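Descriptive structure summary
Spelled out, the chains give:
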Amino acid sequence: MKKNKIIVTGGLGYIGSHTAVELSEKFSVVIVDDLSNSTIDVLDGINKISKSKPLFEKLDLKNKDDVKSLFKRHNDAIGLIHFAAYKAVGESVENPLKYYENNLSSLIYILQEIDKLNHSFNLIFSSSCTVYGQAENLPITEEETIKKAESPYGFTKQICENMITDCLKANQIKRAMTLRYFNPIG
């Protein structure tokens, strides 16, 4: 029996690699990573513990042609989980353009390719609690008001969530979910 295919961007990072391992039990997994914030030896660890060996694609999601070719090669995928983003708040303050380019352009190119698909496609976007800015109520719940972001990183996550919402409203994408979380290790 052929397994459904899921693409995991940033799949060699901490959260992406753990997600790829879990998905491998029921899905065919394609890991996409540019190795800018991870190392290829993570793939060896994933292969050792996964139920089925994921396919790995070294790819820069800031390159529109690379994203187009990814979707052409894997046009049978049923979904994508997007973990590939720069994520250091301090670094984003020091180098905001790096964060705007990577975090926004990669999602734009992914959304453009999803819009071209002739079948239902599922998108899960890895967001952050930073979208809440300086929260007034603790613990923070999903009902918390989103305030001005306190860093370029947080602002990119807010923009990305808005892009996804706008694409859903315009029916350019059919299904999407945003995950907002705090420190995933703690």
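Everything below is about the structure shown above.
We now turn to the structure provided with this report.

What counts and what doesn't
Residues numbered from 1 in each chain as written. Predicted model: local features only at pLDDT ≥ 70, side-chain atom pairs only at ≥ 80, totals over all residues. Heavy atoms only, no water. Helix = DSSP H or I, 4+ residues; strand = E, 2+ residues; numbered from the N terminus. Rg over C-alpha atoms; globule rule 2.2 N^0.38 Å. Buried < 20%, exposed > 50% of the residue type's maximum accessible area, 1.4 Å probe, protein only. Contact = heavy atoms within 4.5 Å. Phe/Tyr/Trp six-rings, centres within 6.5 Å; stacked < 30°, edge-to-face > 60°. Lys NZ or Arg CZ within 6 Å of the ring centre and 35° of its normal. Core = buried A, V, L, I, M, F, W, Y, C linked by side-chain atoms within 4.5 Å. 1 Å grid on protein atoms, 1.4 Å probe; cavity = no way out; pocket = protein on both sides within 12 Å on 5 of 7 lines; lining within 4 Å. Points joined across faces, edges and corners; volume = space filled by probe spheres on them. Nonpolar A, V, L, I, M, F, W, Y, C, P; charged D, E, K, R; others polar.

It is worth spelling out the overall build of the protein chain at this point. Scanning the protein chain from N- to C-terminus turns up 6 helices and 6 strands. In sequence order, the protein chain lays out its α and β elements as β-α-β-α-β-α-β-α-α-β-α-β. Taken against the 2.2 N^0.38 rule, which gives 16 Å for 186 residues, the C-alpha radius of gyration of the protein chain at 16 Å falls within 12% of a compact globule. Expressed as a percentage of the 186 residues in the protein chain, the buried residues total 44%. A fraction of 66% describes how many contacts in the protein chain between residues 6 or more apart in sequence connect residues 24 or more apart.

Turning our eyes to something else, we now look at the packing of aromatic side chains. Tallied over the full model, the rule gives 3 aromatic pairs. Ring geometry for Tyr100 and Phe155: centres 6.4 Å apart, planes at 90°, overall edge-to-face. Of this pair, Tyr100 sits in helix α5 (residues 96-116) while Phe155 sits in helix α6 (residues 152-169), and the two are 55 residues apart along the sequence. Owing to a relative accessible area of 27%, Tyr100 belongs among the partly exposed residues under this scheme. Note that Lys98 overlies the ring of Tyr86, its terminal NZ or CZ placed 4.8 Å from the centroid.

Let us now look at the environment of Lys2. Within the secondary structure, Lys2 sits in the segment before β1 (5-9). Spatially, the C-alpha atoms of Lys2 and Ser28 are 8.4 Å apart, while their sequence positions differ by 26 residues.

Another point: the nonpolar core. In this structure, Phe71 and Leu111 are the most contacted members of the largest nonpolar core, which totals 26 residues. Within the residue set of this core, elements represented by two or more residues are β2 (28-33), α3 (64-73), β4 (77-82), α5, β5 (122-126) and α6. Setting aside its immediate chain neighbours within four residues, Phe71 contacts Leu80, Ile110, Glu113, Ile114, Leu117 and Phe121.

The computed volume of the largest pocket comes to approximately 660 Å³. If you go around the largest pocket, you meet 31 residues; those closest to its centre are Ile15, Asn37, Phe83, Ala85 and Lys87. Elements represented by at least two residues in the lining of the largest pocket include exactly α1 (14-23), β2 and α6. If you tally residues by element for the lining of the largest pocket, the top one is α1, at 3 residues. For the lining of the largest pocket, the per-class residue count stands at 14 nonpolar, 11 polar and 6 charged. Taken as a whole, the second largest pocket holds about 160 Å³ of empty space. As for the second largest pocket, its lining consists of Val89, Cys129, Thr130, Gly133, Gln134, Ala135, Leu138, Ile140, Glu150, Ser151 and Phe182. Considering only residue class, the lining of the second largest pocket consists of 6 nonpolar, 4 polar and 1 charged.

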